[in-house]
Amino acid sequence: MSKTVTVVIPIYNVEKYLNRCIESVIGQTYENLEIILVDDESPDNCPQICEDWKNRDNRIKVVHKKNAGLGYARNTGIDCATGEYICFVDSDDYVAADMVEKTYKCAEQYNADIVLYGYNVVDSNGKKVKECIPKPYKTFYKNEEIQKYVLPNMIATDPNAGDEFWMSMCGGLFSMRLINEANWRLASERDIISEDVYSLLQLYNSVTSVAFLAEPFYYYCANMGSLTHTLRVDRYEKIKDFYDRAINECEKLGYSEEIKLRLSKPYMDNTMAALKMILQSDLITKQKKDMFMDIVKDKHLHRVIKNVNMKKMTLKKRLFWQAVRYKIYYMSYFMVEMRI
């Protein structure tokens, strides 16, 4: 008999997209599902949409909870899950119809703790603008291979060792045995940015087997109004806090120097994104320049990029970070302004 797979959908203020998401889940070719809709005190019509769906499909459970953010909403789903496997779908995204069936079969075939897969990025019109598929050396990894190969490349892919790994809660099917034995839960995005990466760093200390499927099952819908695309004046301080805490977590867990070194990539990518948001904001020019220069002159940033191997970057990124490193700040400003 097939095992139950739990699908957790955290929900907040997405009434425009929620039906599309739920339809993609209930339409899975694998039918033995437990679908948990976690209403995070959504202020729109989402709570009623959830109840309507529960009445239409007996596989659906609805949890209405006090608002606490995405990370804790996912944790509520974990707390309520009764399946042998679990996966996560954000409520403004959707998934391919065969995602659960194929990942479940792969997990059973390899007895894998986690099955990882790829994703598509789609625009507001549903047009695919990017496809990201994991391309590891082989399909299955276990034991010491996890921390030597899988985890470092999840954090920051080495162009010479595969590409398009995706360190996201929405990028895998997870064994509930793994989660329960590790007594693991997610951090809150209100406490730390890149909470997926930070939380998975902790979980991977308990992972002993990972399988890959080179298919883009997940459809990530770019939403320019999301937190990721919203200018916040404290964003760079939060990026530094993420990096420092992640490094401390690696040291606590006994991770290798290579894993710690790879954390420079999300730090630098997030910093680059923050700089772009500043220049694309509605601030006056002087404010933009002041905020930009405060970041690129920051001593913390220079300590991190000092030991980074820039040969593995694209040419444009390499030129930008070299300009920052060698204190050619106005060149770096110009490059971002020209949208490198």
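Everything quoted here is computed from the prediction, not taken from an experiment.

## Points about the packing of helix α7 (residues 195–203) against helix α8 (residues 235–253)
At step 1: Orientation of α7 relative to α8, taken along the N-to-C sense of each, is 5 degrees, at an axis distance of 10 Å. In this view, α7 runs roughly parallel relative to α8, as classed from their interaxial angle. Only F242, R245, A246, E249, C250 and L253 of α8 make contact with α7, whose side of the interface consists of V197, Y198, L201 and Q202.
At step 2: Split into classes, the residues belonging to the contact of α7 with α8 amount to seven nonpolar, one polar and two charged.

## With respect to the packing of helix α10 (residues 264–280) against helix α11 (residues 285–296)
For any two helices packed against each other, the geometry comes down to the angle between their axes and how far apart the axes lie.
At step 1: Across the interface, α10 lies against α11 with an axial gap of 9 Å and an inter-helix angle of 165 degrees. Judged by the angle between their axes, α10 and α11 are roughly antiparallel. The hand of the α10/α11 crossing is left-handed. Residue-level inspection shows T271, L275, I278 and L279 of α10 in contact with α11, the latter providing K288, M291, F292, I295 and V296.
At step 2: A per-class count over the contact of α10 with α11 returns seven nonpolar, one polar and one charged.

## Quick word on the pairing of strand β10 (residues 209–221)
At step 1: Bridge count for strand β5 (residues 94–95) against β10 is two bridges, and the pairing is antiparallel. Among the inter-strand pairings, V95 is bridged to a residue of β10, identified as Y218.
At step 2: Pairing geometry for strand β6 (residues 114–122) and β10, over eight bridges, is parallel. Residue pairing across strands places V122 opposite C221, the latter belonging to β10.
At step 3: In the sheet, strand β8 (residues 140–142) pairs with β10 via three bridges, with the strands oriented antiparallel. Directly across from F140, in β10, lies its bridge partner A211.

## Details of the packing of aromatic side chains
At step 1: Per the counting criterion, the structure on display carries 17 aromatic pairs.
At step 2: Aromatic side chains Y141 and F212 sit 5.9 Å apart centroid to centroid with 85 degrees between the ring planes, which places their arrangement in the edge-to-face category. Taken together, the residues span a long stretch of sequence, with Y141 in strand β8 and F212 in strand β10 at a distance of 71 residues.
At step 3: Judged by its relative accessible area of 3%, Y141 falls in the buried class.
At step 4: One aromatic cluster in this structure is built from Y137, Y141, Y149, F165 and F212.
At step 5: Seen from the ring of W53, R56 lies directly overhead, with NZ or CZ sitting 3.9 Å from the centre.
At step 6: Its guanidinium or amino end placed over the ring of Y141, K138 lies 5.1 Å from that ring's centre, counting from NZ or CZ.

## Focus on the environment of W321
At step 1: One can find W321 in helix α13 (residues 315–325).
At step 2: Owing to a relative accessible area of 2%, W321 belongs among the buried residues under this scheme.
At step 3: In the structure, W321 is positioned 103 residues away from Y218 in sequence and 32 Å away in space, judged by C-alpha atoms.
At step 4: The residues contacting W321, other than those within four sequence positions of it, are M268, T271, M272, L301, I305, M310 and M313.

## A short note on the environment of S264
At step 1: Here S264 is to be found in helix α10.
At step 2: The class for S264 is buried, based on a relative accessible area of 8%.
At step 3: It is 6.5 Å that separates the C-alpha atoms of S264 and V304, two residues lying 40 residues apart in sequence.
At step 4: Once residues within four sequence positions are removed from consideration, S264 is found in contact with Y243, V304 and V308.

## Regarding the nonpolar core
At step 1: Residues Y204 and W321 are the most contacted members of the largest nonpolar core, which totals 74 residues.
At step 2: In this structure, Y30, C50, Y117 and L213 belong to the second largest nonpolar core, which totals 42 residues.

## Re the pairing of strand β1 (residues 5–11)
At step 1: The buried count for β1 comes to seven of seven residues, which makes it a mostly enclosed element.
At step 2: Across the two faces of β1 the burial is the same, with V5, V7, I9 and I11 and T6, V8 and P10 all buried.
At step 3: In this sheet, strand β2 (residues 33–39) lies alongside β1 in parallel orientation, the contact comprising seven bridges. Counterpart to I11 in the pairing with β2 is D39.
At step 4: As paired strands, β1 and strand β4 (residues 85–88) are joined by four bridges and run parallel to one another. Bridge pairing in β4 places V7 opposite C87.

## So, α7
At step 1: When you tally the buried positions in α7, you get eight out of nine residues, the bulk of the element.
At step 2: Among all positions in α7, only E195, D196, V197, Y198, S199, L200, L201 and L203 are buried.
At step 3: Residues of α7 that are buried in the fold lie against α3 (70–80), α5 (144–155), β9 (172–175), α6 (176–182) and α8.

## Observations concerning unusual backbone geometry
At step 1: One non-glycine residue, N111, adopts positive backbone phi at about 55 degrees.
At step 2: Tracing the chain through its elements places N111 in the loop between α4 (99–110) and β6.
At step 3: Exposure remark for N111: the relative accessible area of 59% places this residue in the exposed category.
At step 4: The phi angle at S194 is positive, at roughly 50 degrees, despite the residue not being glycine.
At step 5: Locating S194 in the fold gives a position in the loop between α6 and α7.
At step 6: For S194, a relative accessible area of 23% gives the class partly exposed.

About the thresholds
- Residues numbered from 1 in each chain as written.
- Predicted model: local features only at pLDDT ≥ 70, side-chain atom pairs only at ≥ 80, totals over all residues.
- Heavy atoms only, no water.
- Axes fitted to C-alpha atoms, helices over the stretch in contact; angles between N-to-C directions.
- Helix = DSSP H or I, 4+ residues; strand = E, 2+ residues; numbered from the N terminus.
- Parallel < 35°, antiparallel > 145°, perpendicular 65-115°, else oblique.
- Contact = heavy atoms within 4.5 Å.
- Nonpolar A, V, L, I, M, F, W, Y, C, P; charged D, E, K, R; others polar.
- Left-handed = near helix turned anticlockwise from the far one by under 90°.
- Pairing = 2+ DSSP bridges.
- Phe/Tyr/Trp six-rings, centres within 6.5 Å; stacked < 30°, edge-to-face > 60°.
- Buried < 20%, exposed > 50% of the residue type's maximum accessible area, 1.4 Å probe, protein only.
- Lys NZ or Arg CZ within 6 Å of the ring centre and 35° of its normal.
- Core = buried A, V, L, I, M, F, W, Y, C linked by side-chain atoms within 4.5 Å.

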